[in-house]
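Structure assessment
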Amino acid sequence: FFGGNTMSFKRRQLTNEDIVELFFNSDNESEYQSEASDSDSDQELSPNLVAMENPEVTTQILMENGDEDGGRPLVGDVMEFASPTEAECFKLFMTEQLVGDIVEETNRYALELQEKTEPGVRGKLVKWVSTTVNEMYTFLVAVLLMGIVRKNSLREYWSSDPMFATPFFATLFSQDRFLVLLRCLHFANNATVNLQDPLHKIRRVLSGLTKTFGQVFVPYKDLCIDESLMLWKGRLSFRQYIPSKRHRFRVKFFLLCDVKTGFVQDIIIYTGSTTDIQHYEGLGVSGSVVMTMLAPHLGKGHTLYVDNWYSSPTLFQHRLSNNTGACGTLRSNRKGMPRFSSRKMQKGERDVHVLSSVHTATMSETGRVDHLTGERKVKPDCVQEYNKKMGAVDRVYMVNSFVECARKTTKWYKKIFFHLVGTALFNSHIVHRHLTELLEEHHIPRRPPTGGRPSGDNPLRLTAQHFPAEMPQTDAQGSRTRRHCKVCLSETRSRKLRKLTKYMCVPCDTPLCVTPCFGEYHTLKHY
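What you see is a predicted model; the values in this text were computed from it and never measured.

Right, let's talk about the pattern of salt bridges for a bit. Applying the stated criterion across every chain yields a total of 11 salt bridges. Glu385 is the salt-bridge partner of Lys388, the closest N and O atoms lying 3.5 Å from each other. With Lys388 and Glu385 both in helix H11 (residues 381-389) and 3 residues apart, this pair spans about one turn of that helix. One connected set of salt bridges, linked through shared partners, spans Glu104, Glu105, Arg108 and Arg204.

This next bit is on the layout of surface pockets. Roughly 600 Å³ of volume is contained in the largest pocket. Along its surface, the largest pocket is lined by 25 residues, and Phe90, Leu144, Leu425, Phe426 and Ser428 are the ones closest to its centre. When contributions to the lining of the largest pocket are tallied by element, the ones reaching two or more residues are helix H3 (86-90), helix H5 (133-148), helix H12 (392-402) and helix H13 (412-442). Sort the elements by how many residues they give to the lining of the largest pocket and H13 lands first, with 9 residues.

Further remarks concern the packing of aromatic side chains. The geometry of an aromatic ring pair is captured by the separation of the ring centres together with the interplanar angle, meaning the angle of the planes. Scanning all chains against the criterion turns up 21 aromatic pairs. Plain terms: the ring middles of Phe139 and Phe173 are 6.5 Å apart, the flat faces sit at 75 degrees to each other, and that makes the pair edge-to-face. With a gap of 34 residues between them, Phe139 in helix H5 and Phe173 in the loop between helix H6 (167-172) and helix H7 (175-184) connect regions that are remote in the sequence. For the pair Phe139 and Phe173, a shared accessibility class is recorded, and that class is buried. Taking the centre distance of 5.2 Å and the plane angle of 45 degrees together, the rings of Tyr241 and Phe249 count as tilted. Looking at Tyr241, the relative accessible area reads 47%, which means it is partly exposed. A residue is classified by how much of its surface remains accessible, and Phe249, at 27% relative accessible area, is partly exposed. Aromatic ring contacts, followed pair by pair, group Phe139, Tyr157, Trp158, Phe168, Phe169, Phe173 and Phe178 into a single cluster. Across from the ring centre of Phe249, 4.1 Å away, lies the NZ or CZ of Arg239, which sits over that ring.

As a further point, take unusual backbone geometry. Phi is mostly negative for residues that are not glycine, and the peptide bonds are mostly trans. Backbone torsion omega between Thr515 and Pro516 reads -10 degrees, so that peptide bond is classified as cis. Mapped onto the secondary structure, Pro516 falls in the loop between strand E16 (510-511) and helix H16 (517-523). Positive phi, close to 60 degrees, is recorded for Asn323, a residue that is not glycine. In this structure, Asn323 sits in the loop between helix H10 (313-320) and strand E8 (325-330).

It is worth spelling out the nonpolar core at this point. Among the nonpolar cores identified, the biggest contains 80 residues, and Met94, Phe139, Phe178, Ile202 and Phe417 are the most heavily contacted of them. By residue number, the principal contributor to this core is H13, which donates 13 residues. Contact partners of Ile202, with chain neighbours within four places excluded, come to Phe187, Trp412, Tyr413, Ile416, Phe417 and Leu420. Counting residues in each nonpolar core, the second largest holds 19 residues, with Phe254, Tyr270, Ile277 and Leu304 among its members.

Below, the discussion takes up the sheet that holds strand E12 (residues 468-470). Across the sheet, 3 strands lie side by side as E12-E15-E16; this open sheet has antiparallel pairing. In this open sheet, the two strands that pair with only one neighbour each are E12 and E16. Here E12 pairs with strand E15 (residues 503-505) via 3 bridges, running antiparallel. Within E15, the position partnered with Pro468 by the bridge is Cys505.

Secondary-structure assignment places Lys151 in the loop between H5 and H6. Buried charge without a partner: Lys151 forms no salt bridge, and the closest opposite charge is Glu156, 5.8 Å away. Polar contacts involving the side chain of Lys151 include one to the main-chain carbonyl oxygen of Glu156, which spans 3.1 Å. A polar contact of 3.1 Å, which involves the side chain of Lys151, links it to the side chain of Thr166.

Moving on to a nonpolar patch on the surface. There is a patch of nonpolar side chains on the surface, built from Ile148, Val149, Met398, Val399, Phe402 and Val403 and spanning about 530 Å² of accessible area. Tracing the backbone shows Val399 in helix H12.

Cut-off values and rules
- Residues numbered from 1 in each chain as written.
- Predicted model: local features only at pLDDT ≥ 70, side-chain atom pairs only at ≥ 80, totals over all residues.
- Heavy atoms only, no water.
- Salt bridge = Lys/Arg side-chain N within 4 Å of Asp/Glu carboxyl O.
- Helix = DSSP H or I, 4+ residues; strand = E, 2+ residues; numbered from the N terminus.
- 1 Å grid on protein atoms, 1.4 Å probe; cavity = no way out; pocket = protein on both sides within 12 Å on 5 of 7 lines; lining within 4 Å.
- Points joined across faces, edges and corners; volume = space filled by probe spheres on them.
- Phe/Tyr/Trp six-rings, centres within 6.5 Å; stacked < 30°, edge-to-face > 60°.
- Buried < 20%, exposed > 50% of the residue type's maximum accessible area, 1.4 Å probe, protein only.
- Lys NZ or Arg CZ within 6 Å of the ring centre and 35° of its normal.
- Core = buried A, V, L, I, M, F, W, Y, C linked by side-chain atoms within 4.5 Å.
- Contact = heavy atoms within 4.5 Å.
- Pairing = 2+ DSSP bridges.
- Lys, Arg positive; Asp, Glu negative; His and termini not counted.
- Polar contact = N/O pair within 3.5 Å; in protein donor to acceptor, adjacent residues only side chain to side chain.
- Patch = residues over 30% accessible without salt bridge, like charges linked within 9 Å, V, L, I, M, F, W, Y side chains within 5 Å.
- Areas by Shrake-Rupley, 256 points an atom, 1.4 Å probe, with all protein chains shown as cover.

Written out as structure tokens, the structure reads:
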């Protein structure tokens, strides 16, 4: 009824022009979009995960402050969310622009090697074909898979011996193509590079990855800085000799990590006096490393955990003035430390000095019991927090060690590159897991339709294990609860029937007759 008059409508078949008009020129849709944009503009808080250059990953998350775990924003209302794949998360860091630069330099370096080859010499370089971005991504996938499938030599991945064969690698590359790509892999233009920079061979990749690390993920409250070591026995000006380690010659990395997730926020490679740090007067090298890595996070209420190589009263006071707390073990001979009286130690005891600007001098139970006295053990709060939150860098090293894709090579920059790719893969796993948890928490899955034409291929329907189960009873129907069988409603293989059934597949949430519909639905592409 409109205006008190009865309106009668006559049905007519819509033309293609009418359908296009309804879809693309609908007033209701434009009004909805304008209302949605107005509501989004009222929110001024920044998201915790920022979509980079990949437009397929769209996350618009409204945040709200407040969490006793730290200054990290909590997820509020999810306005729009598209669950990204693992590959999309990886491409947040290994962007197409960065991989394109690698492709350009690899092709240039291959031509340089061809020019240096003497005439008449036959080899893999003679058949060189310029690589592409897609092929480079496939190359990186093959290298990462080699970290999972371990073999003694690269040629064994293309072995035809039935005992050692892995046919999948042959579907990606031929052996000669993979080896020539690995040989020509390059990251800098030798003609224009700055030779004064000890990392000139890998500088573009290192800068690109560390930039995206800081842009994609906003850390929680607690951070930690520690060293990570990469084995290198070859000749290199900035390799470190550490006699206390089993492998004494290594390349040292400084890592800034988020404590809660383990996400690597920043990386600095130690190169001696030319290390990429801003030197601060009175803080030394260790303090300057901390201040350089924390520069984007100062004044935001973070708490940093460090070991005794970095800690000093001067550094902690400097960070406290920038609204950044700190906690860490401390060497007793640091400048500004008071003198401590020495006492006789029992076997297994040692003095541990801890400096903190965020904890009070209180003790709390550890949850353990002394097996000699039967009393509950207590420790200072700062010691317990330090023990719980200082191991983020060690966890990154441990996880990467299980799937380490770097291999022995005579080129130091290639091993560092594969080490950085492994770190990017670790970060992409954290981002994907974080987004998946958000989706599971806030997304309500849409109930699949019970009729109509069958949808596209469903891997769960065709590959997983399925068993028939009785349908849950509803309050209205009780024990007589029935639903229409989905296969019977389909007209693909037989005449359409409206048949009720009390059985269903729980994982698929689909009503099905036990026979033969249940078997046809889970085995036939077109049922």
